[in-house]
Amino acid sequence: MKIICIGRNYAEHAKEMNAPVPSEPVFFLKPDTALIKDNQPFYYPDFSKDIHHEVELILKISKAGKNIQPEFAHKYYNEIGIGIDFTARDLQAKCKEKGLPWEKAKAFDGSAPVGNFISKEELKNGEINFHLNLNGTEVQRGNTKDLLFSFDFVIAYVSKFFTLKTGDLIFTGTPEGVGPVKIGDRLEAFIENKSCLNFEIK
Ligand code: MG
C-alpha cells in the first residue's frame, strides 16, 4: 500500500507557513514503514529537534482506479479516518532552502500515525469537523468546507499520476495551528466529537 499526502490544502495553513496557496494540489508519498497503528507510541527521532504535528483527515481507498473522473471519485472510498502527518520542520526547512525533495522530513519511520476509520455514511453529508488536542488542550481545528481541493478532486488528480489501489491512504492536508511536540506529550485526534486516535510521544 502507499500513503499519499496532500500539502497546503487549507489556505490558513499555507499562510502560517509563508507559502503561496497552490493552484493545483501539491502531494508527496510516505512508505508503509511510516505507519503507526493501534495508538502505538511515536518515538521522537534523533535526527530532528523540531518535529511538528499536522492533523489530517484520511481517505481509505476501497477499490483500484486510474484516471478517475471527479464525478465518480466518491465511489473509490468508503471510510474516513484521522492521522498525523509528522514533519521534521528543521529538516524540511533545509530541503526547501536547497530545493531538495522532502522525504527525509516527511516520510521517516513512524511519521504517519493513523487512527480508527469511520464509515462515510456515519458522517453527515458535506462538512466534517475535526480537531487535535495536545495534552488535553485543543491546538488544531479544521472543517472540510475550507479545503482548497475537495476529496473528490484530490482523488481524480492523484489518480492521473498513480494507480490507486485498495488500502491506499490519502492524507488530505492540515488546517492551521501546526506546532512542535516533545517527549511525554499526548496527542488525541477527533472526527466530529469522536476520539479516533490517542497516543504518546516517547
Ligand atoms: Mg501535511
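Keep in mind that what you see is a predicted model, and the values were worked out from it rather than measured.

Q: What exactly am I supposed to notice about the sheet that holds strand 13 (residues 179-180) here?
A: Two pairing modes exist for strands in a sheet, parallel and antiparallel, and in both the strands are linked by backbone hydrogen bonds. Taken in spatial order, the three strands of this open sheet run 7-4-13, and their pairing is antiparallel. What marks the edges here is a single partner per strand, and that holds for strand 7 (87-88) and strand 13. For strand 4 (residues 51-53) and strand 7, the ladder comprises two bridges, and the chain directions are antiparallel. In the strand pairing of strand 7, I51 is matched with A88.

Q: Got a minute to help me understand the coordination of the magnesium ion in this structure?
A: For a metal with four donors in a tetrahedral arrangement, the ideal angle between donors is 109.5 degrees, while six donors in an octahedron ideally sit at 90 or 180 degrees. The magnesium ion binds to the protein through E54 (OE), E56 (OE) and D85 (OD), with metal-donor distances spanning 2.0 to 2.1 Å. One chain supplies every donor for the magnesium ion, spaced along it as E-x1-E-x28-D. In this pair, E54 sits in the loop between strand 4 and strand 5 (55-61) while D85 sits in the loop between strand 6 (77-84) and strand 7, placing the two residues 31 residues apart along the sequence. Accessibility classification places E54 together with D85 in one group, the buried group.

Q: For this particular structure, what's the right way to read the side chain of K30?
A: On the secondary structure map, K30 appears in strand 2 (residues 26-30). Given a relative accessible area of 2%, K30 falls into the buried group. At 2.6 Å, the side chain of K30 and the backbone oxygen of K106 are in polar contact. Not counting chain neighbours up to four residues away, the residues in contact with K30 comprise K2, I3, C5, D85, F86, K106, A107, S111 and A112.

Q: Honestly, the pattern of salt bridges in this entry has me stumped. Any pointers?
A: One pass over the structure, following the stated rule, counts twelve salt bridges. Measuring nitrogen to oxygen at the nearest pair gives 3.6 Å for the salt bridge that ties E79 to K60. Of this pair, E79 sits in strand 6 while K60 sits in strand 5; the two residues are 19 residues apart in sequence, bridging distant segments of the chain. The residue R186 makes a salt bridge to E200 at a minimum N-O spacing of 3.9 Å. Note that R186 is positioned in strand 14 (residues 186-191) and E200 in strand 15 (residues 194-200), a separation of 14 residues in sequence. Take R186: its relative accessible area is 37%, and that puts it in the partly exposed class. Residues joined by salt bridges that share partners form a network here, namely K30, E54, D85, R89 and K106.

Q: What should I look at first to understand the packing of aromatic side chains in this one?
A: Given two aromatic rings, one states the distance between the centres and the angle between the planes to describe the pair. This model, assessed by the stated rule, comprises 13 aromatic pairs. A centroid spacing of 6.5 Å and a plane angle of 50 degrees characterise the contact between F42 and F108, whose relative ring orientation is tilted. Of this pair, F42 sits in the loop between strand 3 (35-36) and strand 4 while F108 sits in the loop between helix 3 (103-106) and strand 8 (112-113), and the two are 66 residues apart along the sequence. In this structure, F42 and F108 share a single accessibility class: buried. Ring centres of F86 and F199 lie 6.1 Å apart, and the angle between their planes is 85 degrees; this geometry places the pair in the edge-to-face category. Here F86, found in the loop between strand 6 and strand 7, pairs with F199, found in strand 15; they are 113 residues apart in sequence, far enough to count as distant.

Calculation rules
Residues numbered from 1 in each chain as written. Predicted model: local features only at pLDDT ≥ 70, side-chain atom pairs only at ≥ 80, totals over all residues. Heavy atoms only, no water. Pairing = 2+ DSSP bridges. Helix = DSSP H or I, 4+ residues; strand = E, 2+ residues; numbered from the N terminus. Donors = N, O, S within 2.8 Å, 3.2 Å for Na, K, Ca; no water. Buried < 20%, exposed > 50% of the residue type's maximum accessible area, 1.4 Å probe, protein only. Polar contact = N/O pair within 3.5 Å; in protein donor to acceptor, adjacent residues only side chain to side chain. Contact = heavy atoms within 4.5 Å. Salt bridge = Lys/Arg side-chain N within 4 Å of Asp/Glu carboxyl O. Phe/Tyr/Trp six-rings, centres within 6.5 Å; stacked < 30°, edge-to-face > 60°.

Nothing here speaks to function; it is geometry throughout.
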